[in-house]
Amino acid sequence: MSSLTNRHPNLKVVAGALVCQDTILKGDITIGPKTVVHPRATIIAEAGPIIIGEGNIIEEMAVITNRLPPGAPEPTTVPVQIIGNYNVFETDCTCEAFKVGDNNILESKAFVGREIELTNGCIIGASCSLTQPDTIPENTIVYGSQYQRREMYDKPYAPISQLEFLLKVLPNYHFILKPNVKPSINEGGT
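In this text the structure is predicted, and so the values were computed from the model without any measurement. (Residues numbered from 1 in each chain as written. Predicted model: local features only at pLDDT ≥ 70, side-chain atom pairs only at ≥ 80, totals over all residues. Heavy atoms only, no water.)

Student: What is the right way to look at helix H2 (residues 160-173) in this model?
Tutor: At 3.6 residues per turn, the α-helix brings residues three or four places apart onto the same side. Compared with the 20 Å implied by 1.5 Å per residue over 14 residues, the 21 Å span of H2 between its first and last C-alpha is a close match. At Leu167, H2 is deflected by roughly 25°, the largest bend along its length, and proline Pro171 occurs up to four residues later in sequence. Every buried residue of H2 is accounted for by Leu163, Leu166 and Leu170. The elements touched by buried residues of H2 are strand E2 (18-20), strand E4 (36-37), strand E6 (57-58) and strand E20 (176-177). (Helix = DSSP H or I, 4+ residues; strand = E, 2+ residues; numbered from the N terminus. Expected span 1.5 Å × (residues − 1). Bend = angle between axes of the 7 residues up to and from the residue. Buried < 20%, exposed > 50% of the residue type's maximum accessible area, 1.4 Å probe, protein only. Contact = heavy atoms within 4.5 Å.)

What follows is the structure, given as structure tokens:
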């Protein structure tokens, strides 16, 4: 078995993160503490780095990508995609957004394009597709075939119990990549 740095020279997995070996990881990727990346998830950083914060759940077949659209000119600055903390990317969703705040949920088969900014506490419903440039206000739910929106009264809860369960159970059934970065004093304090 080859080492993590040989197979993924630009991958930084912070101690406390759980990344299954059966994932597709390409480019300059940083995965924060307590983040769980399921098998068959895809993270591709072609146009620039992807920084994933603490406590995210990236389920199987979910895709997080920082790519240039076909035929787009090379950017003058390197676009960095930043994923905040405690987000859930459910099965078969796709996220291309450069900014994703905290406590967001992308449900199964949801699509969030490059020009979308997810603030905090948003839910993008199953099979909803957001492609036009927009900033989704905090605590917004996007749902239905017409992509209706409404504001939630309560903020969504961080998936702490789900994270604890996955961190305990997944290593029993999958090979896990070993962390190669120690958390800084500012990270993982919860």
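Student: Help me out: how do you make sense of the state of the cysteines in this one?
Tutor: As used here, a disulfide is simply a covalent bond connecting the sulfur atoms of two cysteines. Applying the stated rule across the entire model yields zero disulfides. Distance from the sulfur of Cys20, which forms no disulfide, to the nearest cysteine sulfur (Cys93) is 16 Å. A residue is classified by how much of its surface remains accessible, and Cys20, at 1% relative accessible area, is buried. Cys93 provides the cysteine sulfur closest to Cys95, a residue in no disulfide bond, and the two sulfurs are 7.2 Å apart. What makes Cys95 buried here is its relative accessible area of 0%. (Disulfide = S-S within 2.5 Å.)

Student: Help me out: how do you make sense of unusual backbone geometry in this one?
Tutor: The phi torsion of most residues other than glycine is negative, and most of the peptide bonds are trans. The phi torsion at Tyr86 lies on the positive side, around 60°, for a residue other than glycine. Position of Tyr86 among the secondary structure elements: in the loop between strand E8 (81-83) and strand E9 (88-89).

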